[in-house]
Amino acid sequence: MTTSKPLFVYLQRPDNGEWVTVGRYRFDETLRTGLFRYAPSYAEAGLAWSIDPVNLPFRIDHDWGAPRYRGLHDALRDACPDAWGRALLRRQHHLPDEAADWRFLEASSNAERWGALAVGRTPKASVAHIASPRLPQLAVLAQELVALSQHAPPVDAKLRQRLVATPSMGGARPKATIRDGHDYWLVKPYLPSDLANIPLLEHVAQTWGRLAGLNCAHTIYHPIGSGLGAVRVRRFDRQGERRLMTLSGATLLQTEYPGQTAAAQWSYPRLAEELRMIGAPDQDRIELFGRMVFNAVCGNDDDHPRNHAVVFQPQENRWRLSPAFDVVPNPDADLLPVLSMQVSIGRTDICRDAVLADAVRFGFDNREAASAFLDNLLHKIEHSFVTAAHELTEALRELMAVRMRRNLDRLRA
Ligand SMILES: Nc1ncnc2c1ncn2[C@@H]1O[C@H](COP(=O)(O)OP(=O)(O)OP(=O)(O)O)[C@@H](O)[C@H]1O
Ligand SMILES: [Mg+2]
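Presented here is a report on the structure given in the accompanying data block. (Residues numbered from 1 in each chain as written. Chains lettered and ligands numbered in written order. Predicted model: local features only at pLDDT ≥ 70, side-chain atom pairs only at ≥ 80, totals over all residues. Heavy atoms only, no water.)

Helix and strand counts for the protein stand at 13 helices and 14 strands. Against the globule reference of 22 Å for 413 residues, the protein gives a C-alpha radius of gyration of 21 Å, in line with a compact fold. Summarising its shape, the C-alpha atoms of the protein cover approximately 60 × 55 × 40 Å along the three principal directions. Residues classed as buried in the protein amount to 58% of the 413 residues present. Contacts spanning at least 24 positions in sequence make up 65% of the contacts within the protein whose residues lie at least 6 apart. Accessible surface, the protein as shown: approximately 17,100 Å² in total, 52% of it carbon and sulfur. (Helix = DSSP H or I, 4+ residues; strand = E, 2+ residues; numbered from the N terminus. Rg over C-alpha atoms; globule rule 2.2 N^0.38 Å. Buried < 20%, exposed > 50% of the residue type's maximum accessible area, 1.4 Å probe, protein only. Contact = heavy atoms within 4.5 Å. Areas by Shrake-Rupley, 256 points an atom, 1.4 Å probe, with all protein chains shown as cover.)

Okay, here's the thing in structure tokens:
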């Protein structure tokens, strides 16, 4: 049997923040898949947190195969960069276009990696600390990200070096992490190729959702000058230096993203059931229902499974739905009234009947209870729009107002 050298997987313990080796990954060339095994030392120390309760339950002396991502386990794939980070890593490490997912896990830095997992070649956990840029650097960081995305020369050579050395966060858009006091934030700049001010739309939508009573990640929009700007979003997988375990909705739904599209697994009610299975409280399923409705009203049709997540809350010792992130209304005025994920079995269309059809799977007692919740939420969404949208340009505000009214009609009819 030929296998790759083992890649050790480290976990920052949710209880005391110590780094431990939780397992090891290796790619088996004969079986053409990756194998993950929990470390005997982890079990011997009496530790038993599963890094993925759906796909990798804690079990000793067992090699778990990886049915997706060309042999990389879902939880490890979640700790890898996506399109943006991979593009940087390809340039930096001369990785071919068709490089396997696990190569990106190996090549990406632990410094800003999502969640509480890290990887390394030594059996003993070792995770180097690299300081993140600080808030006063936000403007130059945003400019550097834009320059990088355009293959332009560096604005600040040192910062450029830092950015290309540490990409590990997911997503397609250029982004980097910044520190402000105790908190870590993701910074996403406006790009010259954007058809509208996407970061501002993200900030407005997240604010709007919060005003309507949803748990949306905190955002701040920074104008940078000459029409440029960036949004920063507080990272929910960090509490100071502590990293919290996370998993994507794609992992919970056992689907690939990117990769599979419009799969039957892409479903809000199914995700709600997965939340229940992993021990999240009932209120998280109702919150998910609320987000589905909000995405429908505001026109965030990029609500794919990797744009949902759960986070292990150490204080509660259980998995919770993470705050909402990447909620961005599509600026296309001719947007179709559909979401990426099914709102009920077989349906992605935005209308009252489709949204309520599977409501009990979100934990409502019956359809009447869900109807009352829906009407109350639509009222709050409608009434918080004006406050949230005041930062938009007049044209975008009008586009959003028209869309909101249309979708409210669909959901009230
Ligand atoms: N507030 C946050 N806290 C922690 N992690 C986050 C937060 N926001 C996003 N992430 C993580 O970073 C990834 C990329 O962020 P985001 O989805 O905002 O970027 P994007 O490039 O716009 O994504 P997409 O490819 O969906 O357009 C997410 O998939 C998620 O794993
Ligand atoms: Mg995203």
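Moving on, we come to the pattern of salt bridges. With the rule as written, the count across this model stands at 36 salt bridges. Among the ionic pairs, R86 bridges to D101, the shortest N-O distance being 2.9 Å. Taken together, the residues R86 in helix α3 (residues 83-93) and D101 in helix α4 (residues 101-107) connect sequence positions 15 residues apart. Each member of the pair, R86 as well as D101, carries the same accessibility label: buried. (Salt bridge = Lys/Arg side-chain N within 4 Å of Asp/Glu carboxyl O.)

Quick look at the site of ligand 1 now. Around ligand 1, a shell composed of 21 residues is seen, among which R173, K175, K188, R234 and H304 lie nearest. Within the backbone of R306, one N or O atom sits 3.3 Å away from an oxygen atom of ligand 1. Out of a free accessible area of 620 Å², ligand 1 has 93% covered by protein chains. Breaking the shell around ligand 1 down by element, the ones donating at least two residues are β7 (183-189) and β9 (228-234). Across the shell around ligand 1, the residue classes tally to eight nonpolar, four polar and nine charged. In terms of domain composition, the shell around ligand 1 takes at least three residues from each of domain 2 (135-234) and domain 3 (242-412). (Near = heavy atom within 4 Å. Polar contact = N/O pair within 3.5 Å; in protein donor to acceptor, adjacent residues only side chain to side chain. Nonpolar A, V, L, I, M, F, W, Y, C, P; charged D, E, K, R; others polar. Domains from an automatic or database assignment.)

With that settled, consider the coordination of the magnesium ion (ligand 2). Only N307 (OD1) and D326 (OD) from the protein coordinate the magnesium ion (ligand 2), and they sit 2.1 Å from it. Residue N307 is found in the loop between α10 (282-298) and β13 (309-313), and its partner D326 is found in the loop between β14 (318-321) and α11 (352-357); the two are separated by 19 residues along the sequence. (Donors = N, O, S within 2.8 Å, 3.2 Å for Na, K, Ca; no water.)

For β9, a buried count of five out of seven residues is recorded, marking the element as mostly surrounded by other parts of the structure. In terms of strand pairing, β7 meets β9 through five bridges, oriented antiparallel. By the bridge assignment for β9, K188 is matched with V231. Taken together, the six bridges between strand β8 (residues 219-225) and β9 define a ladder with antiparallel strand orientation. Note that in β9 the partner of G225 across the bridge is L228. Between the end of β8 and the start of β9, which pair antiparallel, lie two residues, with S226 showing a positive phi angle near 40°. (Pairing = 2+ DSSP bridges.)

All right, on to the sheet that holds β14 then. Across the sheet, three strands lie side by side as β12-β13-β14; this open sheet has antiparallel pairing. In the strand order of this sheet, the two ends are held by β12 (246-248) and β14, each with one partner. Averaged over all neighbouring strand pairs, the angle between strand axes comes to 25°, with direction disregarded. Where β13 and β14 come together, four bridges link them in antiparallel fashion. Bridge pairing in β14 places F312 opposite W319. (Axes fitted to C-alpha atoms, helices over the stretch in contact; angles between N-to-C directions.)

Before going further, it helps to examine the nonpolar core. With 94 residues, the main nonpolar core has L11, Y42, W208, V293 and V297 as its most contacted residues. If near-sequence neighbours (up to four positions away) are discounted, V293 is found in contact with V355, L374, L377, L378, I381 and L411. Counting 15 residues, the second largest nonpolar core, distinct from the first, contains A142, A176, I178 and V187. (Core = buried A, V, L, I, M, F, W, Y, C linked by side-chain atoms within 4.5 Å.)

Below, the discussion takes up the sheet that holds β7. Here we have four strands laid out as an open sheet, ordered β6-β7-β9-β8, and antiparallel in their pairing. The open sheet has two free edges, formed respectively by β6 (176-180) and β8, since each of these has just one partner strand. Pairs of neighbouring strands in the sheet enclose a mean axial angle of 30°, with direction left out of account. Relative to β8, helix α7 (residues 198-211) is tilted by about 155°, and along the sheet it contacts β7, β8 and β9.

Taken as a whole, this structure holds 16 aromatic pairs when the rule is applied. Their ring planes at 85° and their centres at 5.0 Å tell us that F36 and Y38 sit as a pair that is edge-to-face. Of the aromatic side chains, those joined through ring pairs into one cluster are F36, Y38, Y42 and F58. Over the ring of W185 we find R232, and its NZ or CZ is 4.4 Å from the ring centre. (Phe/Tyr/Trp six-rings, centres within 6.5 Å; stacked < 30°, edge-to-face > 60°. Lys NZ or Arg CZ within 6 Å of the ring centre and 35° of its normal.)

Packing of α3 against helix α5 (residues 138-149) leaves a shortest axis separation of 12 Å and a crossing angle of 65°. Here α3 lies roughly perpendicular to α5, going by the angle between them. When you trace α3 past α5, the crossing you get is left-handed. Two secondary-structure elements touch here, α3 through W84, L88 and R91 and α5 through L145, L148 and S149. (Parallel < 35°, antiparallel > 145°, perpendicular 65-115°, else oblique. Left-handed = near helix turned anticlockwise from the far one by under 90°.)

Structural measurements only, silent on function.
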